[in-house]
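Structural characterization, general
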Amino acid sequence: MDLVIGPLDLSAHVDEALSVQAAAFGLGPDEVAVRRQIVLRHMTQPGARALGATDGDRLVGFVYGMPNDRAQWWSTVVEPCLRAQGTDDWLDDSFVITELHVHPAHQNRGAGRALITRITDGAAEPRSILSAIDTESPARGLYRSLGYQDLARQVHFPSAPKPYAVMGATLPLRRRPPAGR
């Protein structure tokens, strides 16, 4: 069945979305419980939006984000790292991709690319920022293919075991098709 990308009421489908994230990111029940509260809080922020990828009636991927606010926790953690690189202006006038996850059984089919390009296409901001685990991975390759570049690396979030990279791209994102298509 073909995946359908469309608006997602993330607050109403938070448990489905977090089961996708748990499968994609290897989260345990305690971490899912913490993230549930974070997602619900984020969805009350001005401009927060979510899209889902469905296979029939099953959610298999999602993305959500919002206009960046320097007062938000994420920004306060990454700002010193960006300032050290001279890139902290990216925290202004940017749409932040807060989470993007696709169930492992549905990865490498273009769902992540479709989700991130569709959500940023609706952004009023001229650029987008996100954070990703700072290792070479398919996710980082996808982000680079869309035009994201490293703004800061080796960013350490409290309670995260691995360092992250903060990446930024001007909008609209590049429209290069996935390899092999």
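Here is a short report on the structure shown in this document. (Residues numbered from 1 in each chain as written. Predicted model: local features only at pLDDT ≥ 70, side-chain atom pairs only at ≥ 80, totals over all residues. Heavy atoms only, no water.)

Notes on the overall build of the protein
When you go through the protein residue by residue, the secondary structure sums to 5 helices and 7 strands. Its helices and strands in sequence order give the protein the pattern β-α-α-β-β-α-β-α-β-α-β-β, from N to C terminus. For 181 residues, the compact-globule estimate of 2.2 N^0.38 gives 16 Å, and the C-alpha radius of gyration of the protein, at 15 Å, lies within 12% of that figure. Overall size of the protein, expressed as C-alpha extent along the three principal axes, is 45 × 40 × 30 Å. Relative to its full complement of 181 residues, the protein shows a buried share of 46%. Considering only intrachain contacts with a sequence separation of at least 6, the fraction spanning at least 24 residues in the protein is 67%. Of the roughly 9,200 Å² of accessible surface on the protein, 52% is carried by carbon and sulfur atoms. (Helix = DSSP H or I, 4+ residues; strand = E, 2+ residues; numbered from the N terminus. Rg over C-alpha atoms; globule rule 2.2 N^0.38 Å. Buried < 20%, exposed > 50% of the residue type's maximum accessible area, 1.4 Å probe, protein only. Contact = heavy atoms within 4.5 Å. Areas by Shrake-Rupley, 256 points an atom, 1.4 Å probe, with all protein chains shown as cover.)

What about the side chain of glutamate 79?
Inspection of the secondary structure puts glutamate 79 in helix 3 (residues 73–85). Judged by relative accessible area, which is 16%, glutamate 79 ranks as buried. If near-sequence neighbours (up to four positions away) are discounted, glutamate 79 is found in contact with Arg70, Asp88 and Leu91.

Examining the sheet that holds strand 2 (residues 49–55)
For sheets, the rule is that strands pair by backbone hydrogen bonds, running either parallel or antiparallel. Strand order in the open sheet made by the 7 strands is 1-2-3-4-5-7-6, with mixed pairing throughout. Here the strands that pair on one side only, and so sit at the sheet edges, are strand 1 (4–7) and strand 6 (149–155). Averaged over all neighbouring strand pairs, the angle between strand axes comes to 25 degrees, with direction disregarded. Pairing between strand 3 (residues 58–67) and strand 4 (residues 94–102): 7 bridges, direction antiparallel. (Pairing = 2+ DSSP bridges. Axes fitted to C-alpha atoms, helices over the stretch in contact; angles between N-to-C directions.)

Focus on the nonpolar core
If you look at the biggest cluster of nonpolar residues, it comprises 28 residues, and the most contacted ones within it are Leu10, Tyr64, Trp74 and Val78. Those elements that provide at least two residues to this core are helix 1 (14–25), strand 3, helix 3, strand 6 and strand 7 (164–170). Residues contacting valine 78, with those up to four places away along its chain left out, are Leu91, Val155, Phe157 and Val166. (Core = buried A, V, L, I, M, F, W, Y, C linked by side-chain atoms within 4.5 Å.)

A few points about the environment of isoleucine 97
For isoleucine 97, the position within the fold is in strand 4. The exposure class assigned to isoleucine 97 is buried, which follows from its relative accessible area of 5%. Apart from the residues lying within four places of it in its own chain, the contact partners of isoleucine 97 are Val63, Tyr64, Gly65, Ile116, Ile119, Thr120, Ser128, Ile129, Leu130 and Tyr148.

A word on the packing of aromatic side chains
Aromatic rings in a pair are described by how distant their centres are and how their planes are angled relative to each other. All chains considered together, the criterion is met by 3 aromatic pairs. A ring pair is formed by tyrosine 143 and tyrosine 148, whose centres lie 5.9 Å apart and whose planes are at 65 degrees; its orientation type is edge-to-face. Through pairs of rings, three or more aromatic residues link up here, namely Trp73, Phe157 and Tyr164. Lying over the aromatic face of tryptophan 90, arginine 127 brings its terminal NZ or CZ to 4.7 Å of the ring centre. (Phe/Tyr/Trp six-rings, centres within 6.5 Å; stacked < 30°, edge-to-face > 60°. Lys NZ or Arg CZ within 6 Å of the ring centre and 35° of its normal.)

Regarding helix 1
Residue pairs spaced three or four apart in an α-helix point in one direction, given the helix's 3.6 residues per turn. Between the first and last C-alpha of helix 1 there are 16 Å, a value that for 12 residues agrees with the 16 Å anticipated at 1.5 Å per step. Listing the buried residues of helix 1 in full gives Val14, Ala17, Leu18, Val20, Gln21 and Ala22. Of the surrounding elements, those touching the buried residues of helix 1 are helix 2 (29–42), strand 3 and strand 4. Remark: glycine 26 follows helix 1 within two positions and exhibits a positive phi of approximately 70 degrees. (Expected span 1.5 Å × (residues − 1).)

Concerning the pattern of salt bridges
Under the criterion given, the structure shown has 14 salt bridges. Residue aspartate 88 pairs with arginine 70 through a salt bridge whose shortest N-O separation is 3.9 Å. Taken together, the residues span a long stretch of sequence, with aspartate 88 in the loop between helix 3 and strand 4 and arginine 70 in the loop between strand 3 and helix 3 at a distance of 18 residues. Close ionic contact of aspartate 92 with arginine 70 constitutes a salt bridge, the shortest N to O distance being 2.8 Å. Of this pair, aspartate 92 sits in the loop between helix 3 and strand 4 while arginine 70 sits in the loop between strand 3 and helix 3, and the two are 22 residues apart along the sequence. Overall, the relative accessible area of 32% leaves aspartate 92 in the partly exposed class. In this structure arginine 70 comes out as partly exposed when scored by relative accessible area, which is 33%. Each of Asp134, Glu136, Arg140, Arg144, Asp150 and Arg153 takes part in a single network of salt bridges with overlapping partners. (Salt bridge = Lys/Arg side-chain N within 4 Å of Asp/Glu carboxyl O.)

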